[in-house]
Structures are given as structure tokens and as C-alpha cells.
Amino acid sequence: MRQRYKPWANDYIKNNSHLIIPNASDYISKWRTLFNNQNPIHLEIGTGKGQFLVGMAKQYPNINFIGIELEKSVIVVAAQKMQEANLKNVLLLNENAMDVSSFFSANEISGIYLNFSDPWPKNRHEKRRLTYHTFLEQYKVILKPGSEVVLKTDNQGLFEYSLVSFSQFGMTLEEVNLNLHEINDSQNIMTEYEEKFAAKRQAIYRCRAAFFD
Ligand code: SAM
């Protein structure tokens, strides 16, 4: 997500370490102590400006949500939304999801959302796609058996690639939806990107894939 450089972002992140948790790997196996409950934890990878994460945290108060976002100038916008909503069940990490299995222990996570992930269409960038097998290997470790990876995208190429990648990895495809907004899913929380594409009447693809063994 391209965002104007925000010179105040570094200071904001330092001063809001209760919202954007520094040194994520220090909390491996200990996330529930930060949330102060035993509720399941769901992750969004590539949270952007946080509309989905905050919307989900409001809709599901008995689930803890953690958003991972690489870009400082973007994560601070998500943190401001969290602050305004004053929610106790959502945290952010300013980290690269390449290292996600060093932040969470085996079976610590009960769901992963990949919303409008960067498609990286060039073959030489395949390894950066969040559904490349090296990411799936890590998701499999941190997810409880039977938990889902939920992917939403407007990008047909990334969608098709991800379906193949999930299948080759032995995941079970539980939903393959080629036009999410046609079905009027009242539980669907729209992301910032989703709203833009929906306004242009572009199809939104959704897939839910689970690991079982
Ligand atoms: N999910 C938001 C939405 O749907 O509106 C943002 C979508 S934007 C196209 C993708 C976001 O993923 C960007 O903000 C980018 O910085 C973040 N991102 C990409 N690769 C990442 C990675 N490896 N780890 C963490 N964040 C990543």
C-alpha cells in the first residue's frame, strides 16, 4: 500500500507500544497474557489501514485479533483507528510476515486473513506472495489443526495461484467464491481496498482453505 511518508510515524510507534507491540518474538506463547484472556487469536497479514481488523474486533469481541503490517506510514493509521474504537481485543505488529513463525508458537493461532495481498505478478517475485509455500509452511505450524486461511482479492492471477498453492500443499478448499459481493454475506467486513474495487464493480474473489494434519 503506497502511503505518503509520515515523519512522525517512528515516534508514534515508539509512544504507542501498547497498540503496536515491539519485539514480537518476545511474546511467543505469551500473547494471551497481553489480551488478558484465553480467547482464540486470529491474524491478519498485511493489515493496511486497519478497517477490516477493527471491524472484525468489534463484530467478534470474543476473538483476539493481531494485525501484521510492514509499512510504518500505514500501520500508524490502523493504530489511530484502534485507539478511536477503544478495543481491548486487537493489537498490531510492525513486522514482516516472512518471520511469522518466530512470533507465534505451534497451534497458537486459530485463523489467518490475507486481504488484497500484494500480487507480485512477476515470476521472479513469487517468493514474496503471501501464499507461496514458504509462508504456508509457517501458517501450518502456527495454526491449530482445522483452522482456516481466508484470502480475499480482486486479482485473478493471485487468486488462481493461491488455489493451486493451497491444493499442492494439501490444504482443503472449503470455499471458492468468484464474486463475493453477489452473495451478500452480511458478516463480511470490507477492507479499504475492497471498498475501492467494489465501487468500480470489480469482482471480489474469496477462498477459505484449511489445514487438517
Ligand atoms: N489489507 C489491506 C486492504 O485490503 O485494504 C491492505 C492491502 S495492501 C495492497 C497490502 C498490504 O500488505 C500493504 O500495506 C503492505 O505493506 C502489506 N504487506 C505486504 N507484504 C507484507 C509482509 N510480508 N508482511 C507484512 N505486511 C505486508
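Residues numbered from 1 in each chain as written. Predicted model: local features only at pLDDT ≥ 70, side-chain atom pairs only at ≥ 80, totals over all residues.

As annotated in an unreviewed UniProt entry, the protein is tRNA (guanine-N(7)-)-methyltransferase from Virgibacillus alimentarius. What UniProt states about the protein under its Sequence similarities (unreviewed entry) heading is, verbatim, "Belongs to the class I-like SAM-binding methyltransferase superfamily. TrmB family." Listed in UniProt under the heading Pathway (unreviewed entry), the comment for the protein reads: "tRNA modification; N(7)-methylguanine-tRNA biosynthesis." (UniProt positions renumbered as here; feature names shortened; annotations may be inferred.)

Caption draft 1: Representation of helix 6 (residues 156-168) within the structure. Under the 1.5 Å per step criterion, the end-to-end length of helix 6 is 18 Å for 13 residues, consistent within 8% with the ideal 18 Å. If you check which residues of helix 6 are buried, you get Leu158, Phe159, Ser162, Ser165 and Phe166. Down the axis of helix 6, the sector holding all buried residues measures 130°, keeping them to one side. Those residues of helix 6 that are exposed and aimed more than 90 degrees away from the buried face are Gln156, Gly157, Glu160, Val164, Ser167 and Gln168. The first or second residue beyond helix 6 is Gly170, which carries a positive phi of 85°. (Helix = DSSP H or I, 4+ residues; strand = E, 2+ residues; numbered from the N terminus. Expected span 1.5 Å × (residues − 1). Buried ≥ 20, exposed ≤ 12 C-beta atoms within 10 Å, placed from the backbone. Arc of directions from axis to C-beta.)

Caption draft 2: Structural view of the pairing of strand 1 (residues 41-45). Among the 5 residues that make up strand 1, 5 are buried, leaving the element largely enclosed by the rest of the structure. Residues Ile41, Leu43 and Ile45 line one face of strand 1 and the alternating positions His42 and Glu44 line the opposite face, and both faces are buried. In the sheet, strand 1 pairs with strand 2 (residues 64-68) via 5 bridges, with the strands oriented parallel. Paired with Ile45 across the bridge in strand 2 is Ile68. The handedness of the strand 1 to strand 2 crossover, carried by helix 3 (residues 51-59), is right-handed. (Pairing = 2+ DSSP bridges. Right-handed = clockwise from strand over helix to strand, strands pointing away.)

Caption draft 3: Inspection of the sheet that holds strand 5 (residues 143-153) at higher detail. Pairing within the open sheet is mixed, and its 7 strands lie in the order 3-2-1-4-5-7-6. In this open sheet, the two edge strands, each paired with only one partner strand, are strand 3 (90-93) and strand 6 (172-177). Taken over all neighbouring pairs, the strand axes of this sheet differ in orientation by 15° on average, direction set aside. As defined by bridge partners, strand 4 (residues 109-115) adjoins strand 5 across 6 bridges and the pair is classed as parallel. Bridging across to strand 5, Gly111 finds its partner in Glu148. The strands touched by helix 6 within the sheet are strand 5, strand 6 and strand 7 (205-210), with strand 7 carrying the most contacts at an inclination of about 10°. (Axes fitted to C-alpha atoms, helices over the stretch in contact; angles between N-to-C directions. Contact = placed C-beta atoms within 7 Å.)

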